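# Report on the structure
Here is what each chain is made of, one letter per residue.
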Amino acid sequence: MKLLRFIQLIVLVCFLGACEHKSNVPLIGFADAFEDKTIEQAKTGFIAALKNNGFDEQKGNIKIIYRNAQGSIPTLTQIIQYYITQQVTLIAANATLPTITAIQNTKTIPVFMMVAATPQLMKLTDAQGHAPANLFGVGENLNYIDTSFLLIPQILHPSNNQPLTVGMIFNQSEPQSVEAIKRIQQLANANHINLVSLPVNSSADVPLVTQSLLSKHIDAFFANPDNTIFASFENIVQACNQQHVPIFTSEAGLVARGAVAAFGANIYDWGYQAGEQAALFLKQKSTNGLHWEMVKVRNRVYNPTVAKVYNLHFPSDYKPMQ
């Protein structure tokens, strides 16, 4: 009997907790795909932008529900469906998979993406090329990869006068990762670079596949911009360092984690830009005039500690990571 009363009490507390939210306070559902300290910077930037525009949980004028799928797609779907049942004001989708999942499950709740590819790369556009009407936030195309990848032959010069060999792994289940590898292969062919690429299905495959890639005597590793790379980057860095292979990337956040250089978006700034747009939506209580945007700020950065290890020198427009 005591156990029954205890269960009833827990159910009552949970119910009351669910009813605490005031209907006049905007409710934000923030969805992360997995635990990652680089991706987390986007969440920090998003919340900072809201706060700087007057929306702060401590002030009580917004409420944020945060959930992390821990790399599970079924869990991610459950998270989005939970947000829908809670009638959130908007969904903040951190990275590509949460964005796709949100758009697949709701056509009415505004979705503000960050650290995500363009709608076209995510295969979310209709036959006329239009993005979903409820998709907002900030995306990125693959144009910046040209600059990122072509930095490698500027910096590395094999002593044996052989063509440069660059290795990559890519997630064959992520559309933007597959598109990126196609684009980079074209770049490599046009610039007489040997590209060796191997597919992975999940972050669990990364250590073994990275070792296989390194056995092919690559001169550099290029970190493709996909979720698998973010989630497994420490494993990649450790393996590459052991074989004295520098890592180049298009994501500035990965430079702080052990890559030698990058040209690309700062993840915090990416989240901040999405947060500013979400704040505008909250202020005007309408999506009128809003549309998804491209990343506005890209940085050229290098890691001076890693550069010293590999004895690499960078152009003056590349700034040392602080």
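None of these values were measured; they are calculated from a predicted model. (Residues numbered from 1 in each chain as written. Predicted model: local features only at pLDDT ≥ 70, side-chain atom pairs only at ≥ 80, totals over all residues. Heavy atoms only, no water.)

Bringing empty space enclosed by the protein into the picture now. All told, the structure shown has one cavity of 30 Å³ or more when counted by the stated rule. Counted as a void, the largest cavity has a volume near 140 Å³. Lining the largest cavity are 15 residues, and of these Ala116, Ala117, Tyr144, Gln176 and Pro225 sit closest to its centre. If you list the elements that add at least two residues to the lining of the largest cavity, you get strand 4 (111-117) and helix 8 (227-242). If you tally residues by element for the lining of the largest cavity, the top one is strand 4, at three residues. When its residues are assigned to classes, the lining of the largest cavity shows eight nonpolar, four polar and three charged. (1 Å grid on protein atoms, 1.4 Å probe; cavity = no way out; pocket = protein on both sides within 12 Å on 5 of 7 lines; lining within 4 Å. Points joined across faces, edges and corners; volume = space filled by probe spheres on them. Helix = DSSP H or I, 4+ residues; strand = E, 2+ residues; numbered from the N terminus. Nonpolar A, V, L, I, M, F, W, Y, C, P; charged D, E, K, R; others polar.)

If you walk through the whole model with that rule in mind, you get nine aromatic pairs. For the ring pair tyrosine 302 and phenylalanine 314, a centre distance of 5.1 Å and an interplane angle of 15° mean the geometry is stacked. You can see tyrosine 302 sitting in strand 12 (residues 298-302) and its partner phenylalanine 314 sitting in the loop between helix 11 (304-310) and strand 13 (319-320), a full twelve residues away along the chain. A relative accessible area of 14% places phenylalanine 314 in the buried class. By the ring-pair criterion, three or more aromatic residues cluster together here, those being Phe30, Phe46 and Tyr66. Looking at lysine 43, its charged tip hangs above the ring of tyrosine 66, at a distance of 4.5 Å from the centre. (Phe/Tyr/Trp six-rings, centres within 6.5 Å; stacked < 30°, edge-to-face > 60°. Buried < 20%, exposed > 50% of the residue type's maximum accessible area, 1.4 Å probe, protein only. Lys NZ or Arg CZ within 6 Å of the ring centre and 35° of its normal.)

Relative to the elements of secondary structure, aspartate 226 occurs in the loop between strand 8 (220-223) and helix 8. A distance of 2.7 Å separates the side chain of aspartate 226 from the side chain of serine 177, its partner in a polar contact. With sequence-adjacent residues up to four places away left out, aspartate 226 is seen in contact with Phe170, Asn171, Glu174, Gln176 and Ser177. (Polar contact = N/O pair within 3.5 Å; in protein donor to acceptor, adjacent residues only side chain to side chain. Contact = heavy atoms within 4.5 Å.)

Read across the open sheet, the seven strands follow the order 7-6-8-9-10-12-13; overall the sheet is mixed. Here the strands that pair on one side only, and so sit at the sheet edges, are strand 7 (194-200) and strand 13. Sheet topology places strand 6 (residues 165-171) next to strand 8; two bridges connect them, and they run parallel. Each residue of the ladder has a partner; that of glycine 167, found in strand 8, is phenylalanine 221. (Pairing = 2+ DSSP bridges.)

This paragraph deals with helix 4 (residues 96-105). The element helix 4 is largely enclosed, with a buried count of seven among its ten residues. When helix 4 is considered as a whole, its buried residues turn out to be Thr96, Pro98, Thr99, Ile100, Thr101, Ala102 and Ile103.

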